[in-house]
Amino acid sequence: MTLARGRQTTTGTKVERSPKPIGYLVHNADVCTGCAICELACSMAHDGVYSRALSRIKIHRNYYRGHWDGTGAYRADLCRQCPWPACLYACPQGAIHIDEHTKARVIDEALCIGCKSCQRACPYEVIVYIPEKEVC
């Protein structure tokens, strides 16, 4: 099930705007050096290992922006916490939910079957599939 025309799913079910999360992770491209420590910290927090491949944050060199001193040359791709999260509606298992306390969009690995429907539905291509666990 994916979003079509904003607030309607392909099955015709009307969906409400998801609540705004309490906090956001903000990337300041003007001070980022591309060191990828944030990627390592993310994977350690979520998976208990230092792995850029498992990180939910992806740092990329931005060749279309930047200054001669090297500032502004990197961008971070991460979950945008969409108001109508296509990934949530695409998950056939209901493994993606909105956390009651933080209002963040969260994938429950215990419910995830690794079908990658959420990954395909994400317009920002930031959902990571973890092959070792066979989950997103």
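Here is what the cut-offs are and how they apply
- Residues numbered from 1 in each chain as written.
- Predicted model: local features only at pLDDT ≥ 70, side-chain atom pairs only at ≥ 80, totals over all residues.
- Heavy atoms only, no water.
- Helix = DSSP H or I, 4+ residues; strand = E, 2+ residues; numbered from the N terminus.
- Buried < 20%, exposed > 50% of the residue type's maximum accessible area, 1.4 Å probe, protein only.
- Contact = heavy atoms within 4.5 Å.
- Areas by Shrake-Rupley, 256 points an atom, 1.4 Å probe, with all protein chains shown as cover.
- Arc of directions from axis to C-beta.
- Core = buried A, V, L, I, M, F, W, Y, C linked by side-chain atoms within 4.5 Å.
- Lys, Arg positive; Asp, Glu negative; His and termini not counted.
- Salt bridge = Lys/Arg side-chain N within 4 Å of Asp/Glu carboxyl O.
- Polar contact = N/O pair within 3.5 Å; in protein donor to acceptor, adjacent residues only side chain to side chain.
- Phe/Tyr/Trp six-rings, centres within 6.5 Å; stacked < 30°, edge-to-face > 60°.
- Lys NZ or Arg CZ within 6 Å of the ring centre and 35° of its normal.

Engineer: Tell me about the overall build of the chain, residues and numbers included.
Structural biologist: Looking only at helices and strands, the chain features 3 helices and 6 strands. Mapped from its N terminus to its C terminus, the chain presents α and β elements in the order β-β-α-β-β-α-β-β-α. Here the chain holds 136 residues, and the buried ones make up 35% of them. Restricting to contacts in the chain with at least 6 residues of sequence separation, those with at least 24 account for 44%. Surface exposure of the chain reaches about 8,800 Å², of which carbon and sulfur atoms provide 55%.

Engineer: Go over unusual backbone geometry with me, naming the residues and quoting the values.
Structural biologist: Although it is not a glycine, Ala-36 sits at a positive phi angle of roughly 70 degrees. Tracing the sequence through the fold places Ala-36 in the loop between β2 (8-9) and α1 (37-47). Assessed through its relative accessible area of 5%, Ala-36 is described here as buried. For Glu-125, which is not glycine, the phi dihedral falls at a positive 55 degrees.

Engineer: Please set out the environment of Tyr-129 residue by residue, giving values where relevant.
Structural biologist: The residue Tyr-129 is located in the segment after α3 (117-121) in this model. Note: C-alpha distance between Tyr-129 and Gly-114 (15 residues apart in sequence) is 7.4 Å. Sequence-distant contacts of Tyr-129, defined by excluding residues within four places in its chain, comprise Gly-114, Lys-116, Gln-119, Glu-134, Val-135 and Cys-136.

Engineer: Explain α1 residue by residue, including any values.
Structural biologist: All of the buried residues along α1 are Glu-39, Cys-42, Ser-43 and Asp-47. Down the axis of α1, the buried set is contained in an arc of 95 degrees. They therefore lie on one face. More than 90 degrees from the buried face of α1, the exposed residues found are Ile-37 and Ala-45. If you follow the buried residues of α1, they end up packed against β3 (58-61). Two residues or fewer after α1 comes Gly-48, characterised by a positive phi angle close to 75 degrees.

Engineer: Give me the lowdown on the nonpolar core, citing residues and values where you can.
Structural biologist: Of all hydrophobic cores here, the largest spans 11 residues; its members are Cys-87, Cys-91, Ala-95, Ile-96, Cys-112, Cys-118, Cys-122, Val-126, Ile-127, Val-135 and Cys-136. Setting aside residues no more than four positions away along its own chain, Ile-96 makes contact with Cys-87, Leu-88, Cys-91, Val-106, Ile-107 and Cys-118.

Engineer: Give me the side chain of Arg-105: which residues, what numbers.
Structural biologist: You can see Arg-105 is positioned in strand β6 (residues 105-107). The buried charged residue Arg-105 lacks any salt bridge, with Asp-99 as its nearest oppositely charged partner at 9.5 Å. At 2.5 Å, the side chain of Arg-105 forms a polar contact with the backbone oxygen of Lys-103. Apart from the residues within four sequence positions on either side, Arg-105 is in contact with Ser-18, Pro-19, Pro-21, Gln-81, Cys-82, Pro-83, Pro-85, His-97 and Ile-98.

Engineer: Lay out the packing of aromatic side chains in plain terms, naming residues and giving numbers.
Structural biologist: Centre-to-centre distance and the angle between the planes together describe a pair of aromatic rings. Evaluated as defined, the whole model comprises 0 aromatic pairs. Over the face of the ring belonging to Tyr-124 we find Arg-80, whose NZ or CZ atom lies 4.3 Å from the ring centre.

Engineer: Explain the environment of Asp-77 residue by residue, including any values.
Structural biologist: With respect to the helices and strands, the residue Asp-77 is situated in strand β4 (residues 74-77). With 47 residues separating them along the chain, Asp-77 and Tyr-124 place their C-alpha atoms 7.7 Å apart. With residues up to four places along the chain from it excluded, the contact list for Asp-77 reads Arg-56, Ile-57, Lys-58, His-60 and Val-126. Separated by 3.4 Å, the side chains of Asp-77 and Arg-75 make a polar contact.

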